[in-house]
Amino acid sequence: MTLPPLYKYLDVSGAKLTLGNRTFKHAKPSDFNDTEDLTIQSIFAEDTEEALKKIAGGFTDVILRHLDEEPTCSSPMKEKIRVIQQVYQANPGAAELVRAELINHGKQINDVEHHRDRAQAFIAEINEFMQGYRVLCVSSHKDSERMWTEYAEKHKGVSLRIQPNLAEDSKFRLFRPVIYCEKRPPLYEDTLEFIAGALFGDHEARIKEIIERIIYTKTLDWQHEGEYRLVIPARKDEEPWNMLPYHPEEITELYLGLEMEKSDIEDIVDKARIINRDIAIFRAKRDGGGKLVFDKF
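My aim in this report is to walk through the structure given alongside it, one point at a time. By convention here, each chain's residues receive numbers from 1 onward along its written sequence. A pLDDT threshold of at least 70 governs which residues receive local features in this predicted model, and a stricter bar of 80 or more applies before side-chain atom pairs are shown or counted, although totals over entire chains, interfaces and linings include all residues. Heavy atoms throughout the structure, all of them, feed into the side-chain values; hydrogens and water do not.

Description of the nonpolar core
Inference 1: Side-chain atoms within 4.5 Å link the members of a nonpolar core, which is a set of buried Ala, Val, Leu, Ile, Met, Phe, Trp, Tyr and Cys residues. Under the scheme applied here, a residue whose accessible area is under 20% of the maximum for its type counts as buried, over 50% as exposed, and between as partly exposed, the area being computed with a 1.4 Å probe on protein chains only. One finds Ile-63, Ile-81, Leu-187, Leu-199, Ile-214 and Ile-215 to be the most contacted residues of the largest nonpolar core, which totals 34 residues.
Inference 2: Top contributing element to this core by residue count: helix α2 (residues 48–65), with six residues.
Inference 3: Any two residues whose heavy atoms approach within 4.5 Å are treated as being in contact. Beyond its immediate sequence surroundings of up to four residues, Ile-63 is in contact with Ile-81, Ile-84, Gln-85, Tyr-88, Leu-199 and Phe-200.
Inference 4: Core analysis: the second largest hydrophobic core is formed by 26 residues, Val-158, Leu-160, Leu-230 and Met-260 among them. Only DSSP runs of H or I reaching four residues or more are called helices, and only runs of E reaching two or more are called strands; each is numbered from the N terminus.

Pasting the structure below:
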């Protein structure tokens, strides 16, 4: 994937630390402004009660669609599914009897409060698991008024362009765009596909797909950010961290905010040129129509 120009907005303090320490801060989800970001709000797209009805009515259909496939779920469920497959193969009429039993007399599967409590516990577990990821957020916009106001200290800060050094196998090549939608995605978009995946799917692939959907999805309220993310999981055997170094030549452009103090400009420009003597530096101004534009510094 070819990346567009990407920019990191920073307040004055963050700019001095980023340039002085030659590292970018990679935040964990609990540090984010949007408290719902990098979380899930529900297991299924529909209400728990409706989802349970679909499970009860669809369980038999899922087995019939995968009648000749080896279950991939763990024991003892795997053995139970094999027995059900054998029964349905020997006596197709049994499937309708089981379907009716699940719908009409499936007491445990229709215990809504029981499953709602389990769902909430699972959501909490997934959201806590996501705290093990570190995220560097950047924007594809260098002239966003809201970004300069909210992330660059009301135009007193800076924006840095990050350009991956592909020759150095840069981690920055792994930036991916955020997808914006009306609300946070559920863990499973389709209830019956959840059943099929749980019983017969590639579990590692499912987990990866679910995590990536959580990581790279935000609500429409944040669409103005044009965000890209670099996401790195923290390994179990390493100390907690939130800073990672970059190659000096990967900071290719520096944009100075409209309201920057002279002393901050001098300090930050000096730090930037020490890192990369070829860095291009620009100063923000407004054109005749009040639009944000940049002149070479």
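A short note on the pairing of strand β1 (residues 6–10)
Inference 1: The buried fraction of β1 is high, at five of five residues.
Inference 2: In β1, alternate side chains face the same way, and those of Leu-6, Lys-8 and Leu-10 on one face and Tyr-7 and Tyr-9 on the other are all buried.
Inference 3: Judged from the five bridges that link them, β1 and strand β4 (residues 158–162) form a sheet pairing that is antiparallel. Opposite Lys-8, over in β4, you have Leu-160 as the bridge partner. A pair of strands is treated as paired once DSSP finds two or more bridges between them.

Examining the packing of aromatic side chains
Inference 1: Two rings from Phe, Tyr or Trp (for Trp, the six-membered ring) form a pair when their centres are within 6.5 Å of each other. A pair whose planes differ by under 30 degrees is stacked, one over 60 is edge-to-face, and the rest are tilted. Under the counting rule described, the total for this entry stands at eight aromatic pairs.
Inference 2: Each ring, one from Tyr-7 and one from Tyr-255, has its centre 5.8 Å from the other, and the planes form 80°; the classification is edge-to-face. Here Tyr-255 lies in strand β10 (residues 251–256) and Tyr-7 lies in strand β1, a separation of 248 residues in the sequence. Across this residue pair, the class does not change: Tyr-7 and Tyr-255 are buried.
Inference 3: Pairing Phe-24 with Tyr-246 gives two aromatic rings, centres 5.0 Å apart and planes at 45°, and the pair type is tilted. Taken together, the positions of Phe-24 in strand β2 (residues 23–25) and Tyr-246 in the loop between β9 (243–245) and β10 put the pair 222 residues apart, joining distant regions of the chain. Per residue, the accessibility class of Phe-24 equals that of Tyr-246, and both read buried.
Inference 4: Three or more aromatic residues link up through ring pairs in this structure, and these residues are Tyr-7, Tyr-9, Trp-148, Tyr-255, Phe-282 and Phe-294.

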